[in-house]
Each structure stands twice: as C-alpha cells, then as structure tokens.
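This is what each chain is made of:
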Amino acid sequence: VHPPPSSSSAAAPSDASQPKRRRKSRWEPVEDTVVEQRELQAKLDAVTRTINTGTFDVDALCRSPSPEPVYDARGKRINTRVDRARDKLEEQRYGLCDRLRELNPGFRPPPGMKPQKYSEKIYLPVKEFPDLNFIGLILGPRGNTHKRLEKDFVCRVAIRGKGSVKDGRHRGPPAPDDNDDLHVVVSAEGQDAKKRIAQCVEKIRILITPMEDEKNDHKQAQLRELAALNGTLIHERPLSDFGTDIPWKKSISGIRCSNCGDGGHPTMDCPRAGQPPAASGAPNSAGNLDQEYMSFMAELGDGAASQPPPPASASAPHDPAARRPLQQQQHPEIAPTPSGLPPPWLNPDGSFAGATPPPWAVSGPPPPQHQQQQYNGPPQLGGPAA
C-alpha cells in the first residue's frame with residue numbers, strides 16, 4: 001500500500017502554473033513624470049530650507065530699481081529689499097507646489113507654508129456715471145448679493161478706495177489703496193483660485209453694467225427682494241383678475257374696515273377682531289360713543305354725568321331753542337358742544353362752577369372806564385399855547 005501524497009507535493013503543480021513576480025531593479029528605466037517629480041521635490045526642499053534659515057542672496061534676487069515705499073498700519077515699511085527677495089522665493093515655492101500637485105494629487109506642501117492668495121482688482125466707472133449706485137448693485141438689499149457672490153465662487157469680495165466708507169465711519173487700520181479710485185478686490189486661495197476669481201470678476205462686470213433702472217433686471221430683482229424683506233411686496237397678478245378695481249388706483253381714503261366700519265384701518269388691523277361686526281347703518285355712531293362716555297363717567301363716580309340726556313320725542317316742538325339744554329337756554333352765548341353735555345365750567349342746573357361768574361356772563365351795563373385825556377400831538381412852535 002502506497003502512502004498518501006503529502007500536501008507539499010499536491011500544491012507544487014499549482015505553484016508552478018502561476019508566473020513569478022519580477023523583482024525591481026535600480027537600473028530599470030523610470031517614467032519621466034517620476035523623474036520630474038523627484039527633481040521638483042529636491043528644489044522645493046532647498047527653497048524651503050533657504051527661506052526658513054534666511055540665508056539668501058538679496059543682491060542676486062533684487063536687482064531692479066526699488067519701488068515706492070509702502071508702510072503698514074504701524075508705520076513699518078513692508079517692501080524693503082529683504083522683503084521683496086523673500087517674496088520672490090515664496091513665489092518660486094508656490095510654483096513648485098502647484099506643479100507637484102498636478103503630478104501627484106496626494107502631494108502635501110511643506111509644514112508651515114501658507115496657501116497662496118490670488119487677487120484681482122476691478123475699477124468702477126464712477127467718474128463716467130456719477131448717478132449710478134455701483135456699491136448698491138454689488139452689495140444688494142441687506143448685503144444679500146454680496147453674500148451670494150462669495151458663496152457661489154468661494155472667494156472674498158471687498159470694495160475699496162475713495163467712497164467705499166461713509167463719512168464719519170472708520171473701517172479699521174489704513175490700507176495702501178484707501179486713496180485709490182473706487183474699485184472691487186476679488187481674492188481667493190486654493191488650487192483653482194484663479195479660475196474662481198475669473199468667474200466672479202465676469203459676474204461682477206455683468207452686475208455693474210450701466211443701464212436704465214427700468215431695463216436693469218438685476219436692479220428690479222433687488223427692489224423686489226427688498227420689498228419682500230420689508231413686507232411690502234405686492235404679488236404680481238394680471239390686470240384681468242382685478243377688472244376695473246386696480247389696487248394701485250385706489251385711494252387710501254377709500255379703505256374701510258368691514259368688521260367695525262371704521263375708515264382709519266383695514267380689516268386685518270381691526271382692534272375689535274373676533275367680535276361680531278357692527279350694524280351697517282350705524283357703525284361707531286355718536287350714540288355708541290355717548291354711551292361709552294356715560295359709562296366711563298359713571299365709573300369715576302359722577303352721578304350727574306351717568307344719566308344720559310332724554311331722547312327727543314316725535315312730538316317735540318320744532319323750535320331749536322327748546323331742544324337745547326338748560327345751560328344753553330340760560331346762556332345763549334355759549335356754543336353747543338358736539339356731544340350735548342354741559343361744558344366743564346357749568347353745573348348741571350345752569351349755574352357757574354366757580355365762586356364768581358366770568359365778566360362776559362354778567363348782565364347789565366359795562367362798568368365805567370377811566371376817562372383819559374386825548375393826546376393831540378406836540379405843541380407847535382410859535383403858536384398859541386394849549
């Protein structure tokens with residue numbers, strides 16, 4: 001009896017059928033992209049080491065004439081030769097990082113390196129069109145247009161220059177471009193920053209295109225948005241829905257509440273909301289007002305005022321003097337009050353409330369006045385003495 005075959009002998013045919021992996025050799029040809037990536041990485045390391053240590057040749061990097069000095073908010077110059085040399089090395093390092101990121105999407109920049117910031121400036125034609133509000137076209141109602149620009153294109157939009165800040169307000173530390181003409185600065189960071197800036201600049205140029213307000217769709221949309229925010233937006237409806245009763249042709253004086261009948265407020269603002277509507281014949285009539293006044297005086301404790309005047313009967317004489325109250329019959333010179341109540345200086349019985357009646361209510365001849373000598377002017381010279 002033959003022994004069973006071992007597991008090693010059984011697995012040998014399967015291993016022989018698989019091809020062997022070829023070992024890599026340092027002498028094999030390498031792709032061009034890999035070679036370029038190694039060279040760029042070596043240059044990047046050298047530039048980073050030079051920037052960190054500060055050992056760079058300023059004369060070799062800055063041979064051009066020095067520009068005008070620029071100072072920060074503290075009065076320190078920020079464009080010296082050393083600063084301009086360091087900026088050139090930083091620009092070179094940003095270029096190396098961009099190329100390495102194209103070759104290797106998983107590339108990471110050196111630690112401590114800030115992302116490069118790109119910016120573009122757009123001047124506003126304020127001198128050519130002084131009557132147009134370019135700042136309002138860019139900001140929009142409550143800054144919504146400005147917020148949408150920054151959100152859609154992932155960039156920062158800032159208005160700078162003369163006229164960008166209202167008189168009496170302070171934005172912060174002075175900037176070098178505060179004395180420049182009114183302009184917009186669009187800045188962004190990242191790999192596709194230039195593309196996003198270009199798209200945002202194109203959109204801003206469309207928004208600030210000079211045209212009449214009636215033809216400017218962007219301006220009309222901003223006005224509608226502002227009206228919606230303030231709660232004064234009138235929804236657009238065709239004129240056929242209104243017929244002859246067009247809303248903007250109705251006068252404000254024609255507004256009348258359908259609940260209480262008052263013409264001082266619309267139905268939605270009625271203070272008597274929830275109560276049954278008043279009668280159509282006498283809304284807020286004088287009788288209702290008199291009843292309210294009588295009840296108010298009764299609460300104050302005035303018994304005389306709590307009694308309403310007797311209603312006029314149908315058989316009453318047509319003499320207007322007979323219908324007047326007792327106070328007006330005794331004193332016809334007193335003008336009647338609108339509500340028919342006695343004036344505050346009279347008692348219910350017709351007598352005056354004070355201790356002594358006023359002079360105009362006393363009957364009889366007027367009191368004698370002091371006679372004064374008539375003045376005929378100064379005496380004439382040379383004439384008889386007066």
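All values derive from a computational prediction rather than experimental measurement.

1. A look at the nonpolar core
The tendency in soluble globular proteins is for nonpolar side chains to be buried side by side. In this structure, Val184, Val186 and Ile204 are the most contacted members of the largest nonpolar core, which totals 21 residues. Mapped by element, the contributors of at least two residues to this core are strand E1 (117–123), helix H5 (134–139), helix H6 (144–153), strand E2 (156–160), strand E3 (183–189) and helix H7 (193–207). Here this core gets six residues from one element, more than from any other, and that element is H7. The contacts of Ile204, once residues within four sequence positions are left out, are Ile122, Ile138, Leu149, Val157, Val184 and Val186. Core analysis: the second largest hydrophobic core is formed by 15 residues, Val47, Phe56, Tyr94 and Phe107 among them.

2. A word on the state of the cysteines
Evaluation of the coordinates by the stated rule reveals zero disulfides. Considering cysteine sulfurs only, Cys200 is the nearest to Cys155, which forms no disulfide, with 3.6 Å between them. The buried category is assigned to Cys155, whose relative accessible area is 9%.

3. Here's the deal with the pattern of salt bridges
Scanning all chains against the criterion turns up 10 salt bridges. Note that Asp192 and Arg196 form a salt bridge whose closest N and O atoms lie 3.3 Å from each other. Looking at Arg196, the relative accessible area reads 12%, which means it is buried. By sharing partners, the salt bridges in this structure join Glu36, Arg99 and Glu102 into a single network.

4. Topic: the packing of H6 against helix H8 (residues 217–230)
At their nearest, the axes of H6 and H8 sit 11 Å apart, and the two run at 115° to each other. The angle between H6 and H8 places the two elements in the roughly perpendicular class. Residues Asn144, Thr145 and Arg148 of H6 pack against His218, Gln222, Glu225 and Leu229 of H8. Split by residue class, the contact of H6 with H8 holds one nonpolar, four polar and two charged.

Reading the values: rules and limits
- Residues numbered from 1 in each chain as written.
- Predicted model: local features only at pLDDT ≥ 70, side-chain atom pairs only at ≥ 80, totals over all residues.
- Heavy atoms only, no water.
- Core = buried A, V, L, I, M, F, W, Y, C linked by side-chain atoms within 4.5 Å.
- Buried < 20%, exposed > 50% of the residue type's maximum accessible area, 1.4 Å probe, protein only.
- Helix = DSSP H or I, 4+ residues; strand = E, 2+ residues; numbered from the N terminus.
- Contact = heavy atoms within 4.5 Å.
- Disulfide = S-S within 2.5 Å.
- Salt bridge = Lys/Arg side-chain N within 4 Å of Asp/Glu carboxyl O.
- Axes fitted to C-alpha atoms, helices over the stretch in contact; angles between N-to-C directions.
- Parallel < 35°, antiparallel > 145°, perpendicular 65-115°, else oblique.
- Nonpolar A, V, L, I, M, F, W, Y, C, P; charged D, E, K, R; others polar.

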